[in-house]
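In case you want the letters, here they are:
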Amino acid sequence: KQEVTQIPAALSVPEGENLVLNCSFTDSAIYNLQWFRQDPGKGLTSLLLIQSSQREQTSGRLNASLDKSSGRSTLYIAASQPGDSATYLCAVNEGAQKLVFGQGTRLTINP
Amino acid sequence: DAGVTQSPTHLIKTRGQQVTLRCSPISGHKSVSWYQQVLGQGPQFIFQYYEKEERGRGNFPDRFSARQFPNYSSELNVNALLLGDSALYLCASSFTGGIFETQYFGPGTRLLVL
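Note that the coordinates shown come from a computational prediction; the quantities given were computed from them, not determined experimentally.

Basis of the calculations
- Residues numbered from 1 in each chain as written.
- Chains lettered and ligands numbered in written order.
- Predicted model: local features only at pLDDT ≥ 70, side-chain atom pairs only at ≥ 80, totals over all residues.
- Heavy atoms only, no water.
- Helix = DSSP H or I, 4+ residues; strand = E, 2+ residues; numbered from the N terminus.
- Buried < 20%, exposed > 50% of the residue type's maximum accessible area, 1.4 Å probe, protein only.
- Contact = heavy atoms within 4.5 Å.
- Areas by Shrake-Rupley, 256 points an atom, 1.4 Å probe, with all protein chains shown as cover.
- Lys, Arg positive; Asp, Glu negative; His and termini not counted.
- Charge placed at Lys NZ, Arg CZ, Asp CG, Glu CD.
- Buried area = accessible area lost by both parts, 1.4 Å probe.
- Salt bridge = Lys/Arg side-chain N within 4 Å of Asp/Glu carboxyl O.
- Polar contact = N/O pair within 3.5 Å; in protein donor to acceptor, adjacent residues only side chain to side chain.
- Phe/Tyr/Trp six-rings, centres within 6.5 Å; stacked < 30°, edge-to-face > 60°.
- Core = buried A, V, L, I, M, F, W, Y, C linked by side-chain atoms within 4.5 Å.

### Concerning the overall build of chain A
- On a plain count of helices and strands, chain A comes out with zero helices and 11 strands.
- In chain A, the order of α-helices and β-strands from amino to carboxyl end is β-β-β-β-β-β-β-β-β-β-β.
- For the C-alpha atoms alone, the extent of chain A along its principal axes is close to 40 × 30 × 20 Å.
- Looking at chain A as a whole, 45% of its 111 residues qualify as buried.
- Contacts in chain A between residues far apart in sequence, at least 24 positions, make up 53% of those at least 6 positions apart.
- For chain A, the computed accessible surface area is about 5100 Å², with 46% contributed by carbon and sulfur atoms.
- Distance between charge centroids for chain A: 4 Å, based on 9 positive and 9 negative side chains.

Now the structure itself:
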């Protein structure tokens, strides 16, 4: 059974810092991995999608990497801003669009 | 363009009752998936539908059912509600439900069971 783990569960950093969020998964037989952002009480916003054949994806200040063989992904956020405060979720796609999610990392950026 | 919409936004029910949640996908999207997110946890996959056919089912009891209509909107039904069914229910859509497609999520319906 696929298990997705995100470390740390919560992170608080001052504005302007670069930071890394971690995601690990137990079964490397995935089609892709997706990073989402969730604001309190709201739905999910897709940030980056990495196909299993890719190593990384970039969007603005965000960069996500994927190492399928070791079951790891990282989300790098450059020059963090207070508006980046949210919960960040990673999810692996096992097929039929069944996403298996981690529990998320709650990120707080302090002005 | 409108995103994925869900109704109602909030709902309060009592144990044993039945509830129906609704989802309208992004225009042109034919695949709809449902997820349950308990407070403090990541979402869990419940169902995926494509062209009115069930394409995938998660590890949920038979009290949970869903269907998709010809206009690709979808309903999630939960019977005999339990306190543990209290959660945010999320709907996601994509063009065909293909494994390489991004899923777009709606704002969710927050269900509280008393």
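From this point, the discussion proceeds with the structure in view.
### Focus on the interface of chain B and chain A
- With 25 residues of chain B in contact, the opposing surface of chain A contributes 22 residues.
- Taken together, the two surfaces of chain B and chain A that pack against each other cover about 1800 Å², and 52% of this comes from carbon and sulfur.
- Applying the counting criterion to the chain B and chain A interface returns zero salt bridges.
- Viewed at the interface, chain A and chain B are joined by three residue pairs in polar contact (both at pLDDT 80 or more).
- Mapped onto the side of chain B that touches chain A, the elements with two or more residues apiece are strand S4 (31-37), strand S5 (44-50) and strand S9 (87-94) of chain B.

### Examining the packing of aromatic side chains
Residue and element names in this part refer to chain B.
- Applying the stated criterion across every chain yields a total of eight aromatic pairs over all chains.
- For the pair tyrosine 35 and phenylalanine 45, a centre-to-centre distance of 5.6 Å together with 70° between the ring planes defines the contact as edge-to-face. Here the residue tyrosine 35 occupies a position in strand S4, and phenylalanine 45 occupies one in strand S5, the gap between them amounting to 10 residues. The burial state of tyrosine 35 is the same as that of phenylalanine 45; both residues are buried.

### Let's talk about the nonpolar core
- Counting 23 residues, the largest nonpolar core has Leu33, Trp35 and Leu75 of chain A as the members making the most contacts within it.
- Counting residues per element, the ones that place at least two in this core are strand S3 (19-25), strand S4 (32-38), strand S5 (44-51), strand S7 (62-67), strand S8 (72-77), strand S9 (86-93) and strand S11 (105-110) of chain A.
- Formed by 22 residues, the second largest nonpolar core is a distinct cluster that contains Ile26, Val32, Phe47 and Tyr89 of chain B.

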